[in-house]
Amino acid sequence: MNIQLVTPAPLKINNGNKITAVRWAAILKKLGHRVRVTQSYDGKSCDLLIALHARRSYDSIQRFHDSHRKLPVIVVLTGTDVYRDIHSDAKARRSLELATRLVALQKMALRELPRRLHKKTHVIYQSAESFPAKTDKADSNFKVCVIGHLREEKDPLRTAIAVRRLPRESRIQVTHIGQALDEQLRIEAEREVATNPRYHWIGQLSHRKTREQLAHSQIVCITSKMEGSSNVLSEALASGVPVICSKISGLLGTLGNKFPGYYPVGNSRQLRKLLVKAETDSRFYKSLKRYCEELAYLVKPKRELDAWQELLREFI
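The structure contained in this document is the topic of the report that follows.

Side note on the overall build of the protein
Piece 1. A count of helices and strands for the protein gives 12 helices and 12 strands.
Piece 2. Against the 2.2 N^0.38 benchmark of 20 Å for 316 residues, the protein shows a C-alpha radius of gyration of 20 Å, consistent with a compact globule.
Piece 3. Taken over the C-alpha atoms alone, the protein extends approximately 65 × 40 × 35 Å along its principal axes.
Piece 4. For the protein, with 316 residues in total, the buried portion stands at 56%.

Printed below as a string of structure tokens:
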């Protein structure tokens with residue numbers, strides 16, 4: 001098939017949507033399809049439109065539907081779709097109706113959809129290539145990695161706040177990778193760097209450099225207020241690096257209810273306790289690591305490829 005894959009995020013920004021779109025394009029090509037990745041539907045002939053983001057891709061979805069009423073549209077639901085827009089935005093809800101099939105990125109997303117839409121919804125977990133952990137045993141620091149652009153939904157400075165008043169003997173050092181997409185958060189991050197010796201914001205890196213930083217860390221901290229799923233979580237599981245994260249539906253859908261590394265959204269004190277416990281309690285750290293290792297099968301690339309092959313089979 002000739003497929004157009006629409007992602008509204010600027011392709012020059014190394015964010016989750018771009019990483020997802022690039023990975024899916026590779027998967028679709030591996031399955032034998034021709035793929036073009038664009039920011040909006042360009043009107044060119046294709047057999048199938050895949051649109052990432054129900055609200056932000058609405059115009060593309062509507063125009064494609066109007067022009068090609070008999071051709072299929074797959075709408076992939078992001079975190080802001082699932083946990084905000086489909087409940088409050090008419091365009092996002094219209095995209096759900098226009099879609100031939102919906103894709104959710106973790107099972108908890110189904111709870112947010114009307115039951116009548118469940119039969120046309122496929123859950124496809126995001127995969128990541130194996131990138132084994134390479135912690136430097138000669139380094140005495142306990143390395144905590146935060147990966148996420150500075151935007152409100154990510155609660156990006158929560159880890160920095162949590163490590164402000166650690167015991168003097170703590171070896172925790174936080175490295176934050178991500179671009180400032182919010183001017184006020186940029187100012188706050190620069191102020192935090194100047195006053196918090198445990199926090200290091202290094203800006204945006206290439207995807208490979210980011211994976212290397214993650215693999216050299218003892219812990220990855222995911223502090224989001226809202227996630228449809230998380231490429232960072234998938235990459236941590238694939239790398240064998242344990243996670244501490246906010247207890248939100250988009251992460252529960254992958255990690256499950258029994259994961260021991262949750263803290264309440266926005267609660268710096270509880271996050272601090274978990275980080276200190278991971279640093280000082282080897283049994284707790286090993287339990288986090290073991291739990292994450294047991295979920296690594298969810299993010300195997302072949303699993304995602306097989307899921308897309310099954311979904312597309314009905315349109316071929």
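Some thoughts on the environment of Leu-251
Piece 1. Along the chain, Leu-251 falls in helix 9 (residues 249–255).
Piece 2. Note on Leu-251: relative accessible area 0%, which makes it buried.
Piece 3. In this structure, the C-alpha to C-alpha distance between Leu-251 and Tyr-291, residues 40 residues apart in sequence, is 14 Å.
Piece 4. If sequence neighbours within four positions are ignored, Leu-251 has contacts with Ile-222, Glu-227, Ser-230, Leu-233, Cys-245, Ser-246, Gly-256 and Tyr-262.

Points about the pattern of salt bridges
Piece 1. Counting across every chain of the model gives 19 salt bridges.
Piece 2. Where Arg-36 meets Asp-42, a salt bridge forms, and the shortest distance between an N and an O atom there is 2.6 Å.
Piece 3. The network of salt bridges with shared partners includes Arg-55, Arg-84, Asp-85, Arg-151 and Glu-153.

Comments concerning the environment of Pro-114
Piece 1. By the secondary structure assignment, Pro-114 is in the loop between strand 5 (101–104) and strand 6 (121–123).
Piece 2. A C-alpha to C-alpha distance of 45 Å links Pro-114 and Arg-198, two positions 84 residues apart in sequence.

Digging into the packing of helix 7 (residues 207–215) against helix 8 (residues 231–239)
Pairs of packed helices are described in terms of their axes, by the angle between the two and the distance that separates them.
Piece 1. Interaxial distance between helix 7 and helix 8 falls to 10 Å at its minimum, and their mutual angle equals 55°. One element, helix 7, and the other, helix 8, form an angle in the oblique class. The crossing of helix 7 and helix 8 is right-handed. Between helix 7 and helix 8, the residues in contact are His-207, Arg-211 and Leu-214 and Val-232, Glu-235, Ala-236, Ala-238 and Ser-239, respectively.

Remarks on the packing of aromatic side chains
Piece 1. Counted according to the given criterion, the structure contains five aromatic pairs.
Piece 2. Consider the rings of Trp-24 and Trp-308, whose centres lie 5.1 Å apart with planes at 65°: the pair is edge-to-face. In this pair, Trp-24 is assigned in helix 1 (residues 16–30) and Trp-308 in helix 12 (residues 301–313), connecting sequence segments 284 residues apart. Comparing Trp-24 with Trp-308, the two get one shared label, buried.
Piece 3. When the ring centre of Phe-284 is taken as origin, the NZ or CZ atom of Lys-277, which lies over that ring, is 4.7 Å away.

Quick look at the pairing of strand 11 (residues 243–246)
Piece 1. Relative to strand 11, strand 10 (residues 219–222) runs parallel, the two being bridged by three bridges. Paired with Cys-221 across the bridge in strand 11 is Ile-244.
Piece 2. With helix 8 bridging strand 10 and the parallel strand 11, this β-α-β connection has right-handed handedness.
Piece 3. Where strand 11 lies against strand 12 (residues 262–263), two bridges are found, and the strand directions are parallel. Residue pairing for strand 12: Cys-245 is matched across the bridge by Tyr-262.

Re the layout of surface pockets
Piece 1. Taken as a whole, the second largest pocket encloses approximately 410 Å³ of empty space.
Piece 2. Residue lining of the second largest pocket: 18 residues in total, with Val-22, Arg-23, Ala-26, Ser-127 and Glu-129 positioned closest to the centre.
Piece 3. Put simply, the parts of the chain that give the lining of the second largest pocket at least two residues each are helix 1, helix 7 and helix 12.
Piece 4. Within the lining of the second largest pocket, the residues separate by chemical class into seven nonpolar, three polar and eight charged.

Points about the state of the cysteines
Piece 1. The tally for this structure, following the rule as stated, stands at zero disulfides.
Piece 2. Note on Cys-145: no disulfide assigned, nearest cysteine sulfur contributed by Cys-221 at a separation of 9.8 Å.
Piece 3. Cys-245 takes part in no disulfide bond, and the closest cysteine sulfur, belonging to Cys-292, lies 8.2 Å away.
Piece 4. Overall, the relative accessible area of 0% leaves Cys-245 in the buried class.

Description of the sheet that holds strand 4 (residues 73–76)
Piece 1. One open sheet accounts for six strands, arranged 2-1-3-4-5-6; its pairing is parallel. Looking along the sheet, the strands with just one partner apiece sit at the ends: strand 2 (34–38) and strand 6. Averaged over neighbouring strand pairs, the angle between their axes works out to 20° when direction is ignored.
Piece 2. With four bridges connecting them, strand 1 (residues 2–6) and strand 3 (residues 48–52) associate as parallel partners. Bridge pairing in strand 3 links Val-6 to Ala-51.
Piece 3. Along the sheet face, helix 2 (residues 58–67) touches strand 1, strand 3 and strand 4 and points at about 165° away from the line of strand 3.

Rules and cut-offs
Residues numbered from 1 in each chain as written. Predicted model: local features only at pLDDT ≥ 70, side-chain atom pairs only at ≥ 80, totals over all residues. Heavy atoms only, no water. Helix = DSSP H or I, 4+ residues; strand = E, 2+ residues; numbered from the N terminus. Rg over C-alpha atoms; globule rule 2.2 N^0.38 Å. Buried < 20%, exposed > 50% of the residue type's maximum accessible area, 1.4 Å probe, protein only. Contact = heavy atoms within 4.5 Å. Salt bridge = Lys/Arg side-chain N within 4 Å of Asp/Glu carboxyl O. Axes fitted to C-alpha atoms, helices over the stretch in contact; angles between N-to-C directions. Parallel < 35°, antiparallel > 145°, perpendicular 65-115°, else oblique. Left-handed = near helix turned anticlockwise from the far one by under 90°. Phe/Tyr/Trp six-rings, centres within 6.5 Å; stacked < 30°, edge-to-face > 60°. Lys NZ or Arg CZ within 6 Å of the ring centre and 35° of its normal. Pairing = 2+ DSSP bridges. Right-handed = clockwise from strand over helix to strand, strands pointing away. 1 Å grid on protein atoms, 1.4 Å probe; cavity = no way out; pocket = protein on both sides within 12 Å on 5 of 7 lines; lining within 4 Å. Points joined across faces, edges and corners; volume = space filled by probe spheres on them. Nonpolar A, V, L, I, M, F, W, Y, C, P; charged D, E, K, R; others polar. Disulfide = S-S within 2.5 Å.

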